[in-house]
2 protein chains.
Amino acid sequence: MNALLRLQSELGDIVSTAPLDLAASRTDKSGWIADGTPLALVRATTVAHVQAVLRIATKCRVPVVTRGAGTGLSGGACGTDGAIVLSVAGLTRILEINADDELAVVEAGVINQHLNDELAKQDLWFAPDPASKAISTVGGNIATNAGGLLCAKYGVTREAVLGLTVVLADGSLLHTGHRTVKGVTGYDLTALLTGSEGTLGVIVEATVRVRALTAGAVATIGAVFDTVTAAAAASAAITAARIRPAVMELIDPVALGLVAAYLGPEGSAGLPLGRGAFLLVQTDGPAALAEAEQAVAVLRAAGGEASLSTDAASGDRLLAIRRAMHPALEQFGRVLIEDVSVPRSRMAEMFAAIAEISARTGIPIPTVAHAGDGNLHPNFVIPRGGEADAAVPDEIWAAADEMFQAALALGGTLTGEHGVGVLKRRWLRDEIGDTSLELQRQLKAVFDPLGLLNPGTMFAA
Amino acid sequence: MNALLRLQSELGDIVSTAPLDLAASRTDKSGWIADGTPLALVRATTVAHVQAVLRIATKCRVPVVTRGAGTGLSGGACGTDGAIVLSVAGLTRILEINADDELAVVEAGVINQHLNDELAKQDLWFAPDPASKAISTVGGNIATNAGGLLCAKYGVTREAVLGLTVVLADGSLLHTGHRTVKGVTGYDLTALLTGSEGTLGVIVEATVRVRALTAGAVATIGAVFDTVTAAAAASAAITAARIRPAVMELIDPVALGLVAAYLGPEGSAGLPLGRGAFLLVQTDGPAALAEAEQAVAVLRAAGGEASLSTDAASGDRLLAIRRAMHPALEQFGRVLIEDVSVPRSRMAEMFAAIAEISARTGIPIPTVAHAGDGNLHPNFVIPRGGEADAAVPDEIWAAADEMFQAALALGGTLTGEHGVGVLKRRWLRDEIGDTSLELQRQLKAVFDPLGLLNPGTMFAA
């Protein structure tokens with residue numbers, strides 16, 4: 001019996017071969033569309049479903065692409081030709097919230113925001129905060145070790161994951177980690193699986209660390225600088241002053257011009273957005289206001305025109321400037337969001353490198369950065385067309401290649417928080433080197449000896 | 001040419017076969033002494049030395065036991081019969097301190113306290129804080145993913161490691177991680193190697209995250225409770241009140257009696273130490289005093305007799321009670337420090353289980369806990385004797401076995417921060433299960449196909 005028949009006979013109507021389902025499963029929020037047609041989409045709602053899919057896949061030697069909400073930005077969960085697309089978006093149970101131990105146990109398909117809504121009832125929250133949190137899953141968050149706006153202060157996803165339940169390639173269950181704050185028994189498989197992009201196993205359940213909601217008010221600052229260099233220097237001065245903002249976002253002049261046009265004068269929150277670079281700073285906690293006042297002084301000393309808000313409404317107007325970035329770009333086409341990260345002290349150099357590549361190639365590269373941690377998102381806007389246009393034009397990859405090399409030369413990385421996926425696998429060796437790449441391939445082979453788990457993601461096939 | 005001759009001819013006088021050197025390399029601070037006699041002790045002072053040792057070991061099929069300062073508490077770095085003991089204690093250079101990027105690059109043999117002394121000149125610090133910090137190395141810290149007193153607030157070692165340079169079994173160099181706050185390119189080998197106890201490679205250099213020194217005063221509270229259950233409930237009430245102490249240590253009645261006798265009345269800091277259990281709480285940061293006053297109210301409401309100190313001298317007197325624990329026990333023999341960790345909410349049950357095992361077996365088990373993170377150190381005191389007495393008596397292992405099973409039944413772990421080493425390897429399977437154990441052995445084989453790296457540590461041979 002072939003794989004499809006086995007799936008259908010064991011799993012019934014959670015198995016779809018509807019052309020629309022298969023087509024939708026070939027893409028993600030990066031705009032990448034995988035070639036060919038997947039064998040089937042399986043909408044698992046239990047761990048047993050996931051185990052059955054992996055058993056059948058191993059028996060029939062069929063690849064499996066695991067998917068959550070499909071919000072990935074690197075093409076890492078796109079259904080490839082002949083693969084079983086395994087959706088875990090239907091594993092939506094919050095199994096436990098434990099305030100005493102500051103942890104939650106959730107299934108992989110729980111939406112990040114839904115978890116936070118439930119946690120908030122007990123004055124708790126889950127810190128990993130990808131911009132997609134309203135629509136992305138905890139499992140996807142963990143599979144990519146996702147970042148977000150709050151990492152400099154509150155850490156990346158890995159630091160919030162205590163333990164995992166994972167279905168291995170043969171369908172067996174692996175439990176990793178612990179419910180304790182500390183635990184060093186054996187190798188840290190939890191960390192190895194976090195960020196493994198579906199290539200080592202299928203994460204079905206996670207024990208995550210939660211925190212007490214930060215007490216106190218939030219203060220928000222918007223500041224405009226003449227140049228991106230001045231804005232980057234100002235953000236470094238904030239760090240040097242030992243202020244630790246919850247959010248610190250930098251919008252470069254190219255992006256800011258587009259945002260200003262998109263928002264119009266009424267959306268400018270009283271700031272001169274048409275020129276220069278924009279820095280958004282948000283402080284929280286008991287000392288939020290004092291820190292914000294100190295930050296304003298630092299920003300003004302660094303040449304910024306700064307506006308401090310302590311009420312929710314005007315704070316939201318400042319945040320809206322940052323939030324307008326993506327829609328402002330999307331007016332002009334499909335947005336390919338890159339994701340380089342450099343040491344904070346090299347951020348101004350990275351902005352300069354991007355500006356130089358843009359000027360030389362004639363390709364606009366509007367860029368926003370999580371300035372507190374040196375993670376830049378340079379954007380390429382690709383005019384929309386049919387499916388045939390899903391491919392990114394060669395000249396954009398050439399510019400991206402230069403950008404990646406510049407980031408590496410500055411001691412940085414190809415991807416701060418989106419993952420390697422399909423789109424960045426060709427640069428993997430450039431960053432990690434031959435020795436590491438060879439080891440990583442061997443580690444994958446331990447978990448996935450038949451090479452069935454998300455083949456083509458992270459490593460070139 | 002055999003391994004010893006090769007070592008001597010390539011490395012000269014950093015190779016010792018002096019009986020005293022070999023004997024000293026067979027033990028660590030756990031008191032464990034490995035059987036037999038090592039082949040040689042090599043005192044590496046450069047990465048090239050380490051590479052040469054590994055190349056020779058691989059060529060000649062000789063095992064290598066890597067060692068830092070020898071402060072381990074699980075027998076994980078004790079020179080075994082016929083092995084090359086590779087000391088990296090001589091790799092002592094601090095290669096970089098970068099305040100802008102909040103990182104330091106250090107060799108493996110740098111003493112934790114020395115790093116912090118150098119960092120303090122720039123108002124920075126390295127948070128991992130094992131009790132041994134004055135004598136233990138950063139490399140040992142990382143190899144065991146060491147904890148300490150500050151983990152509940154400031155995280156474990158893994159969270160402070162950004163990247164590693166590792167000598168692999170064949171002598172080649174592996175670089176992992178990055179200098180950036182975020183980075184998700186490939187698998188997280190940095191985390192996999194952190195806590196790997198010398199079984200995957202030899203850590204020679206680390207890029208570690210450093211922090212701004214916590215501003216503000218420190219406030220210290222000592223409190224005595226009638227029972228350990230009441231003290232554990234009080235520490236839970238502190239957490240429930242959303243107070244986050246830097247330090248929260250709980251001493252049980254058995255240990256407190258010994259400490260009180262050791263310190264005498266003049267060392268009691270005015271507290272009635274002769275009875276009940278002791279809780280030490282230290283707060284830091286800008287809100288230290290306010291948090292401490294809130295904590296005192298919580299502790300008194302929970303039935304404690306509490307004393308708050310805000311000056312250094314009286315704070316030190318309270319801390320001295322905790323510090324007296326180890327010397328108070330050592331008067332009576334060699335101390336075997338166990339290291340179970342349970343979810344915070346189960347800590348009182350774990351203390352009860354230890355008391356029950358102690359009462360039934362007649363073996364005193366004085367216990368101290370890092371109460372903020374549920375990590376208990378039950379102690380066994382073994383009367384001193386000659387080397388023949390280095391072995392832990394069977395009845396103590398039987399009691400320890402019951403204790404480990406109790407911790408696992410409470411959702412805990414065998415070892416919160418000391419590592420598996422040799423002393424706990426026989427319980428590894430009980431905690432992680434067959435599936436994980438088999439995977440972990442295969443992961444080790446990827447890094448160490450010949451089984452030469454610290455064989456017998458973590459996994460039974």
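Bear in mind the structure is a predicted one, so any value in this text is a computation, not a measurement. (Residues numbered from 1 in each chain as written. Chains lettered and ligands numbered in written order. Predicted model: local features only at pLDDT ≥ 70, side-chain atom pairs only at ≥ 80, totals over all residues. Heavy atoms only, no water.)

1. Observations concerning the domain arrangement of chain A
Residues and elements named next belong to chain A. According to the domain assignment, chain A consists of domain 1 (3–87), domain 2 (94–212), domain 3 (219–327) and domain 4 (331–418). Taken over C-alpha atoms, the centre of domain 2 sits 31 Å from the centre of domain 3. Across the interface of domain 2 and domain 3, roughly 540 Å² is buried in total on both sides, 50% from carbon and sulfur atoms. Among the residues domain 2 hides against domain 3, the three largest losses belong to Leu149, Leu150 and Lys153. Together they make up 78% of the total. For the salt bridge of Lys153 with Asp284, the shortest nitrogen-to-oxygen distance reads 2.6 Å. (Domains from an automatic or database assignment. Buried area = accessible area lost by both parts, 1.4 Å probe. Salt bridge = Lys/Arg side-chain N within 4 Å of Asp/Glu carboxyl O.)

2. What to know about helix 4 (residues 112–120) of chain B
Residues and elements named next belong to chain B. For helix 4, the full list of buried residues reads Asn112, Leu115, Asn116 and Leu119. Around the axis of helix 4, the buried residues are gathered within 95° of arc, so they sit on the same side. Looking at the packing, one finds that the buried side of helix 4 touches strand 5 (94–98), strand 6 (103–107), strand 7 (124–125), helix 5 (138–143) and strand 10 (202–209). (Buried < 20%, exposed > 50% of the residue type's maximum accessible area, 1.4 Å probe, protein only. Helix = DSSP H or I, 4+ residues; strand = E, 2+ residues; numbered from the N terminus. Arc of directions from axis to C-beta. Contact = heavy atoms within 4.5 Å.)

3. Observations regarding the relation of the copies chain B and chain A
Taken together, a rotation about one axis and a shift along it account for how the two chain copies relate. Least-squares fitting of chain B to chain A yields an RMSD of 0.0 Å, with the transformation described by 0.0 Å of translation along the axis and a rotation of 180°. Interpreted geometrically, this transformation is the action of a two-fold axis. With an isologous cut-off of 70% or more, the 99% of interface residues of chain B that recur at the interface of chain A puts this contact in the isologous class. (Least-squares fit on C-alpha atoms with pLDDT ≥ 70 in both.)

4. Regarding the packing of helix 8 (residues 228–240) of chain A against helix 10 (residues 288–301) of chain A
All names here are of chain A. Where helix 8 contacts helix 10, the two axes come as close as 9 Å, and the packing angle between them is 140°. Classed by the angle they form, the pair helix 8 and helix 10 counts as oblique. As helix 8 runs across helix 10, the sense of the crossing is right-handed. Contacts between helix 8 and helix 10 involve Ala234, Ala237 and Ile238 from the first element and Ala295, Val298 and Leu299 from the second. The residue inventory of the contact of helix 8 with helix 10, partitioned by class, reads 6 nonpolar, no polar and no charged. (Axes fitted to C-alpha atoms, helices over the stretch in contact; angles between N-to-C directions. Parallel < 35°, antiparallel > 145°, perpendicular 65-115°, else oblique. Left-handed = near helix turned anticlockwise from the far one by under 90°. Nonpolar A, V, L, I, M, F, W, Y, C, P; charged D, E, K, R; others polar.)

5. Some details on the pairing of strand 16 (residues 334–337) of chain B
Residues and elements named next belong to chain B. Side chains of strand 16 alternate between two faces, with Arg334 and Leu336 and Val335 and Ile337 buried alike. Inspection of the sheet shows strand 16 paired to strand 18 (residues 375–382) by 4 bridges, in the antiparallel sense. Considered in strand 18, the bridge of Val335 is made with Val381. (Pairing = 2+ DSSP bridges.)

6. A look at the sheet that holds strand 17 (residues 367–370) of chain B
Residue and element names in this part refer to chain B. The strand order across the open sheet formed by 7 strands is 15-12-14-13-17-18-16, and the pairing between neighbours is antiparallel. Where the open sheet ends on each side, the last strands, each with one partner, are strand 15 (305–309) and strand 16. Within this sheet the neighbouring strands show an average axis-to-axis angle of 20°, counted without direction. Relative to strand 12 (residues 219–225), helix 10 (residues 288–301) is tilted by about 5°, and along the sheet it contacts strand 12, strand 14 (277–283) and strand 15. Most of the contacts of helix 11 (residues 312–323) go to strand 14, to which it runs at about 135°, and overall it touches strand 12, strand 13 (247–251), strand 14, strand 15 and strand 17.

7. Points about the UniProt feature "domain: FAD-binding PCMH-type" (unreviewed entry) in chain A
Under the UniProt annotation, "domain: FAD-binding PCMH-type" (unreviewed entry) lies at residues 34–213 of chain A. Between the C-alpha atoms that bound residues 34–213 of chain A the distance is 41 Å, and the span itself is 21% helix and 26% strand. (UniProt positions renumbered as here; feature names shortened; annotations may be inferred.)

8. Quick notes on the interface of chain B and chain A
Taken residue by residue, the interface counts 75 residues in chain B and 74 residues in chain A. For the pair chain B and chain A, the summed buried area comes to about 5,900 Å², and 58% of that belongs to carbon and sulfur atoms. Among the residues of chain B in contact with chain A, Lys182, Val184 and Tyr187 of chain B are the three that bury the most area, contributing 17% of the side total. Our count for the contact surface shared by chain B and chain A stands at 12 salt bridges. For the salt bridge of Lys182 of chain A with Glu417 of chain B, the shortest nitrogen-to-oxygen distance reads 2.7 Å. For the interface between chain B and chain A, the tally reads 37 residue pairs in polar contact (both at pLDDT 80 or more). Of all elements in the fold, only strand 9 (173–177), helix 7 (189–193) and helix 15 (428–447) of chain B reach the threshold of two or more residues within the side of chain B that touches chain A. Examining the composition of the side of chain B that touches chain A, we find that 12 residues originate from one element, helix 15 of chain B, more than from any other. (Polar contact = N/O pair within 3.5 Å; in protein donor to acceptor, adjacent residues only side chain to side chain.)

9. Section: the packing of aromatic side chains
Evaluated as defined, the whole model comprises 8 aromatic pairs over all chains. Taken together, a centroid distance of 4.6 Å and an interplanar angle of 70° make the contact between Phe404 of chain A and Trp427 of chain A edge-to-face. One end of the pair, Phe404 of chain A, is in helix 14 (residues 394–409); the other, Trp427 of chain A, is in the loop between helix 14 and helix 15 (428–447), with 23 residues separating them in the sequence. No difference in accessibility class separates Phe404 of chain A from Trp427 of chain A, as the two residues are buried. Site record: aromatic cluster; members linked through ring pairs are Trp397, Phe404 and Trp427 of chain A. A cation sits over an aromatic face here: Arg426 of chain B above Trp397 of chain B, 5.0 Å from the ring centre. (Phe/Tyr/Trp six-rings, centres within 6.5 Å; stacked < 30°, edge-to-face > 60°. Lys NZ or Arg CZ within 6 Å of the ring centre and 35° of its normal.)

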